[in-house]
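Listed below, chain by chain, are the residues.
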Amino acid sequence: MPVNQTIQNFYRSAADKDFSRDFLFRVTQMQLQGVPALTEGDLIYVKTAALPGRDITNVAVPYMGLNLNIPGTVTYPGSEGYALQFYLDAQSSLRNYFETASRALFDDQTSTGEYGTPDDDFFIQLAQLDKDLEPVAEYKLVGASLRTVGNIGYDIAGGTGATVAIDATISYHFYTKER
């Protein structure tokens with residue numbers, strides 16, 4: 001049977017199904033340990049984020065020199081360090097938010113904190129959007145917990161007035177598909 005992947009067929013399919021665009025993605029909710037939830041006004045500052053992946057592990061079953069490859073358990077690559085980048089607001093409230101979350105997890109002044117296992121009350125909600133900004137898929141990263149408050153780079157001598165960003169790294173246990 002011949003393969004019928006011609007330019008014309010690609011064009012027809014692309015016109016029918018269209019393409020997802022790199023800006024049709026939002027972080028819609030975030031609740032971390034030790035701090036109140038981020039609101040829509042805070043989350044509008046999300047500059048970059050990614051839809052996470054999911055892997056099924058492979059279990060090799062050897063028999064007479066041949067490995068049969070059997071599906072095993074699930075892993076979530078990168079779940080130990082999910083990266084988000086935010087435009088930093090002029091009052092640095094996002095930096096303060098992440099610093100507060102970090103110190104709530106572990107305060108080096110008192111050697112105490114909320115460093116227990118985060119449950120499903122702590123999460124990040126993600127949405128893939130269509131061109132009308134309606135969700136086509138929603139995901140919930142369950143057990144979200146802050147790991148890193150990133151450096152903020154300033155260029156006093158050569159600065160041009162460009163905006164600055166703050167990076168945050170968050171771990172999670174797994175994700176669920178909500179839609």
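Residues numbered from 1 in each chain as written. Predicted model: local features only at pLDDT ≥ 70, side-chain atom pairs only at ≥ 80, totals over all residues. Heavy atoms only, no water.

Caption draft 1: Representation of the pairing of strand β3 (residues 55–63) in the model. Sheet topology places β3 next to strand β4 (residues 66–75); eight bridges connect them, and they run antiparallel. When the bridges of β4 are listed, N58 appears paired with P71. (Pairing = 2+ DSSP bridges. Helix = DSSP H or I, 4+ residues; strand = E, 2+ residues; numbered from the N terminus.)

Caption draft 2: Structural detail: helix α3 (residues 93–105). Taking 1.5 Å per residue, 13 residues should reach 18 Å; α3 reaches 18 Å between its end C-alpha atoms and fits that length. Among the residues making up α3, those that are buried are L94, Y97, F98, A101, A104 and L105. Looking straight down α3, one finds that the buried residues subtend no more than 120 degrees of arc, so they occupy a single side. In the core, the buried residues of α3 are packed alongside β1 (25–31), α2 (40–43), β5 (82–87), β8 (145–149) and β9 (165–171). (Expected span 1.5 Å × (residues − 1). Buried < 20%, exposed > 50% of the residue type's maximum accessible area, 1.4 Å probe, protein only. Arc of directions from axis to C-beta. Contact = heavy atoms within 4.5 Å.)

Caption draft 3: Summary view of the sheet that holds strand β7 (residues 135–142). The sheet built from four strands is open, its strands ordered β1-β6-β7-β10 with antiparallel pairing. Strand pairing shows two members of the sheet lacking a second neighbour, β1 and β10 (174–177), which therefore form its edges. Direction aside, neighbouring strands of the sheet carry axes that sit 20 degrees apart on average. Here β7 pairs with β10 via four bridges, running antiparallel. (Axes fitted to C-alpha atoms, helices over the stretch in contact; angles between N-to-C directions.)

Caption draft 4: A look at the pattern of salt bridges. Summed over the entire model, instances satisfying the criterion amount to four salt bridges. Here R21 makes a salt bridge to D18, at a shortest N to O gap of 3.3 Å. For R21, a relative accessible area of 35% translates into the label partly exposed. Its relative accessible area of 31% is what places D18 among the partly exposed residues. Here the salt bridges share partners, and the residues they tie into one network are D18, R21 and K131. (Salt bridge = Lys/Arg side-chain N within 4 Å of Asp/Glu carboxyl O.)

Caption draft 5: View of the sheet that holds β8. Strand order in the open sheet made by the four strands is β2-β5-β9-β8, with antiparallel pairing throughout. Each edge of the open sheet carries a strand with a single partner, namely β2 (46–48) and β8. Across this sheet, the average inter-strand angle for adjacent strands is 40 degrees, counted without regard to direction. Across the sheet, α3 touches β5, β8 and β9, and the angle it forms with β8 is around 120 degrees.

Caption draft 6: Molecular detail of the packing of aromatic side chains. Using the criterion set out here, one finds seven aromatic pairs in the structure. Plain terms: the ring middles of Y139 and Y175 are 5.5 Å apart, the flat faces sit at 80 degrees to each other, and that makes the pair edge-to-face. Separated by 36 residues along the polypeptide, Y139 in strand β7 and Y175 in strand β10 bring together distant segments of the chain. Judged by relative accessible area, which is 10%, Y139 ranks as buried. Ring-pair connections join several aromatic residues into one group, and the members of that group are Y76, Y139 and Y175. Over the ring of F123 we find K140; its NZ or CZ atom is 4.6 Å from the centre of that ring. (Phe/Tyr/Trp six-rings, centres within 6.5 Å; stacked < 30°, edge-to-face > 60°. Lys NZ or Arg CZ within 6 Å of the ring centre and 35° of its normal.)

Caption draft 7: Inspection of the nonpolar core at higher detail. Counting 31 residues, the largest nonpolar core has M30, L32, F86, F98 and I124 as the members making the most contacts within it. Mapped onto this core, the elements with two or more residues apiece are β1, β5, α3, β6 (123–129), β7 and β9. No other element matches the five residues that α3 contributes to this core. Not counting the four nearest positions on each side in its chain, F98 is found in contact with M30, L32, F86, L146, V149, I166 and A168. (Core = buried A, V, L, I, M, F, W, Y, C linked by side-chain atoms within 4.5 Å.)

Interpretation in functional terms is not warranted from these geometric data alone.
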